[in-house]
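Examining the three-dimensional arrangement
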Amino acid sequence: DVTAEHEAAESLAEMEARWKYALEGTGVGVWDWDVLSGRVDFSSRWKSMLGFLEEEIRNELGEWARLVHPEDLQRMFEAIRAHHEGRADYAAEFRMRCKDGSYRWIMGRGKVVSRNTDGTPIRMIGTHSDITESKQEQEEVKRMKVLLDETQGIASVGGWEFIVHTNTLYWTRQSYDLHEVTPVEYKPTVETYLKFYAPECLEEIDSYFRNAIQNGVGFEAELEIITSKKNRRSVHVSCKVISRCGRVDRLLGIVQDITVRKQIEKLVDSQKVALIASAKMSSLGEMAAGVAHEINNPLTIIVGKAEQLQSLQKNGNLEPEKLYEGLQKIQKTAHRISKIIRGLKTFSRDSKNDPMETILLSRVIEDSLELCRERIIGGGIDLRLDVAVAATVSVRGRSAQLEQTLINLIGNAFDAVASYDEKWVKIAVTTRDNERIQILVIDSGKGIATEVLEKLMQPFFTTKAVGKGTGLGLSISKGIIEEHSGRLYYDHSSTNTCFVIELPVYDSSRLSKAS
């Protein structure tokens, strides 16, 4: 009686059909390999996964081998052999050719389910899963990581992440490179990482990290580090705080090598100082004749008055009143010379490192005019002043730099009107909103052409004849005034040519009274 045996076979077949259907319901393809005969039953899903119809794939091992990518085939046979020999599980990723000629990534899994008494595999079953999209995502992640590594390398930027609750610090490859260590020799921790910072920066970076961890406050700073090879580097370090459930969870940050930028900035600063000095010397050269005349005139007065007193004394006619009057004249004239020399000394010295001081604005204007008044008057130019407000207003700044700017504007005005029939230069001081003071340098010109205005503040641009100007005056002056939190600009609304220096008032209460 084979009824029981027949029923068992039917039950087994039914169970196999059920698990195949169940697996296919999850989107995987199923295969069942009779190892001894070479026959392989491929499920419909196995075939449609590659774009084939049921009848287009024969149920034999050769069909599978024909469709596996040539570069993967040998590796797959070795994986199967290792499983047959009991050395490894069978689970592998490989490519298979679709009906349209394209390739899909497949995750193949399988297991020998029956063997002969000598251990030879008889039957092996398994599944195929299409992992193409997953592989593409992995490749995209890998590509983006390579791109990130390369671009971070180009920008000299390293990344880092600190997990607060595990006290774990992670670095990107560029962070290791920047500190001149390798992942093999150095495992970063916050404590050891902070020791890379230069001694003068250690307290600052330590306080930043503590504030970020304890209070959730991110930071940005430019500091100095000393690498493992004792090289000093300037770095820009930045940190963003990531919180979860109201508590600091982790810190994300970058550290960028800005050594070259700092070196360039230092070079630019030194060149800027040289350019300012060059512009000063150019202005002094233009003023030289006027200054010499300005000093010679009072010297002539002093010498003449001294000779007059000597003559009176020699003839016995030197009365006390005349002596006092003559000495007063000599003293007043000597003060005049002293004032001019003081202005020259202030103007010509290097003031870049001078501290910002409280300066009476009238003093800046007076000292500037002492150096260029004679040049203007000697050129037949009418000098007009409306500066009463300046006598009661103070600004914060460097006298020498403010004088340099004002002298440059006055000199430009002189050159602009020198050939005009109507020649005048006006210095005026006005207020704006009780918070800012304006020094206006106006001349009898009728304005500046639009095409010239567009370039006027650019370095080395000049409308003067060759040898008459460096083209640096206005660009340097603009930079100086901006360093004083002010503005230097051309007033388009003025009927005549007008440049404005606008500065914040140091004591606005005094400005209100002056107004």
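On to the sheet that holds strand β10 (residues 247-257). As summarised here, the arrangement of the five strands in space is β7-β6-β10-β9-β8, forming an open sheet in which the pairing is antiparallel. Two strands in the sheet have a free side with no partner beyond their single neighbour: β7 (168-171) and β8 (219-226). Neighbour to neighbour, the strand axes of the sheet diverge by 25 degrees on average, direction disregarded. As judged from the eight bridges shared by β8 and strand β9 (residues 232-244), these two strands associate in the antiparallel manner. Across the sheet, the residue bridging to E222 is H236, located in β9. Helix α8 (residues 199-215) rests against β6 (157-163), β8, β9 and β10 of the sheet, and its axis sits at about 145 degrees to β8.

Moving on, we get to the environment of P121. With respect to the helices and strands, P121 occurs in strand β5 (residues 121-130). According to the relative accessible area criterion, P121 is buried, its value standing at 10%.

Residues L169 and W171 point to one face of β7 and are all buried, whereas T168 and Y170, pointing to the other face, are not buried. Alignment of β6 against β7, held across four bridges, turns out to be antiparallel. Considered in β7, the bridge of I163 is made with T168. The loop that links β6 with its antiparallel partner β7 comprises four residues; one of these, N167, has a positive phi angle of about 55 degrees.

Mapped onto the elements, V164 comes out in the loop between β6 and β7. Each C-alpha atom of the pair V164 and V248 lies 7.2 Å from the other, and the pair is 84 residues apart in sequence. If near-sequence neighbours (up to four positions away) are discounted, V164 is found in contact with I213, V248, D249 and R250.

What follows concerns the nonpolar core. Ranked by internal contacts, the top residues of the largest apolar core, which has 36 residues, are L361, I410, I427, I437 and I501. Secondary structure elements with two or more residues in this core: α11 (361-378), α12 (399-417), β14 (424-432), β15 (436-443), α14 (473-483), β16 (487-490) and β17 (498-504). Sort the elements by how many residues they give to this core and α12 lands first, with seven residues. In this structure, I427 is in contact with L369, L383, R384, L385, D386, V387, I410, I439, L440 and V441, ignoring residues within four places of it in sequence. In this structure, F162, Y176, A198 and A212 belong to the second largest nonpolar core, which totals 28 residues.

Right, let's get into the packing of α11 against α12. At their nearest, the axes of α11 and α12 sit 9 Å apart, and the two run at 30 degrees to each other. Overall, the two elements α11 and α12 adopt an arrangement that is roughly parallel. Crossing geometry of α11 relative to α12 is assigned as right-handed. In this structure, α11 uses V364, I365, D367, S368, L369, L371, C372, R375 and I376 to contact α12, whose residues at the interface are L402, E403, L406, I407, I410, G411, F414 and D415.

Right, let's talk about the confidence of the model for the protein chain for a bit. Looking at the protein chain as a whole, its pLDDT mean stands at 82, while 80% of the residues score no less than 70. Throughout residues 508-515 the model reports pLDDT below 50, and contacts reaching past four residues in sequence, or to other chains, amount to 18 contacts.

Where strands meet in a sheet, backbone hydrogen bonds hold them as pairs that are either parallel or antiparallel. Pairing within the open sheet is mixed, and its five strands lie in the order β12-β14-β15-β17-β16. The sheet is open, and its two edges are formed by β12 (382-386) and β16, each paired on a single side. On average, adjacent strands in this sheet sit at an angle of 15 degrees to one another, irrespective of strand direction. Sitting on the sheet, α11 touches β12, β14 and β15, and the angle it makes with β12 is about 170 degrees.

Attention now moves to a nonpolar patch on the surface. Taken together, V260, I264 and V268 make up a surface patch of nonpolar side chains, about 260 Å² in accessible area. Mapped onto the secondary structure, I264 falls in helix α9 (residues 259-314).

Once their charged atoms are close, side chains differing in charge can pair, the charge on each being opposite to the other. Going through the model one piece at a time under the given rule, you end up with 33 salt bridges. K135 is the salt-bridge partner of E93, the closest N and O atoms lying 3.1 Å from each other. On the criterion of sequence distance, the pair formed by E93 in strand β3 (residues 90-97) and K135 in helix α5 (residues 132-155) is long-range, its members being 42 residues apart. Given a relative accessible area of 11%, K135 falls into the buried group. The partner of R233 in a salt bridge is E180, with the nearest N and O atoms 3.4 Å apart. Remark: E180 occurs in the loop between α6 (173-179) and α7 (190-194) and R233 occurs in strand β9; sequence separation between them is 53 residues.

Another point: α12. The terminal C-alpha atoms of α12 lie 27 Å apart, and with 19 residues this matches the ideal 27 Å at 1.5 Å per residue to within 8%. Burial analysis of α12 places 16 of its 19 residues in the buried class, the great majority of the element.

How each quantity is defined
Residues numbered from 1 in each chain as written. Predicted model: local features only at pLDDT ≥ 70, side-chain atom pairs only at ≥ 80, totals over all residues. Heavy atoms only, no water. Pairing = 2+ DSSP bridges. Helix = DSSP H or I, 4+ residues; strand = E, 2+ residues; numbered from the N terminus. Axes fitted to C-alpha atoms, helices over the stretch in contact; angles between N-to-C directions. Contact = heavy atoms within 4.5 Å. Buried < 20%, exposed > 50% of the residue type's maximum accessible area, 1.4 Å probe, protein only. Core = buried A, V, L, I, M, F, W, Y, C linked by side-chain atoms within 4.5 Å. Parallel < 35°, antiparallel > 145°, perpendicular 65-115°, else oblique. Left-handed = near helix turned anticlockwise from the far one by under 90°. pLDDT = per-residue confidence, 0-100. Patch = residues over 30% accessible without salt bridge, like charges linked within 9 Å, V, L, I, M, F, W, Y side chains within 5 Å. Areas by Shrake-Rupley, 256 points an atom, 1.4 Å probe, with all protein chains shown as cover. Salt bridge = Lys/Arg side-chain N within 4 Å of Asp/Glu carboxyl O. Expected span 1.5 Å × (residues − 1).

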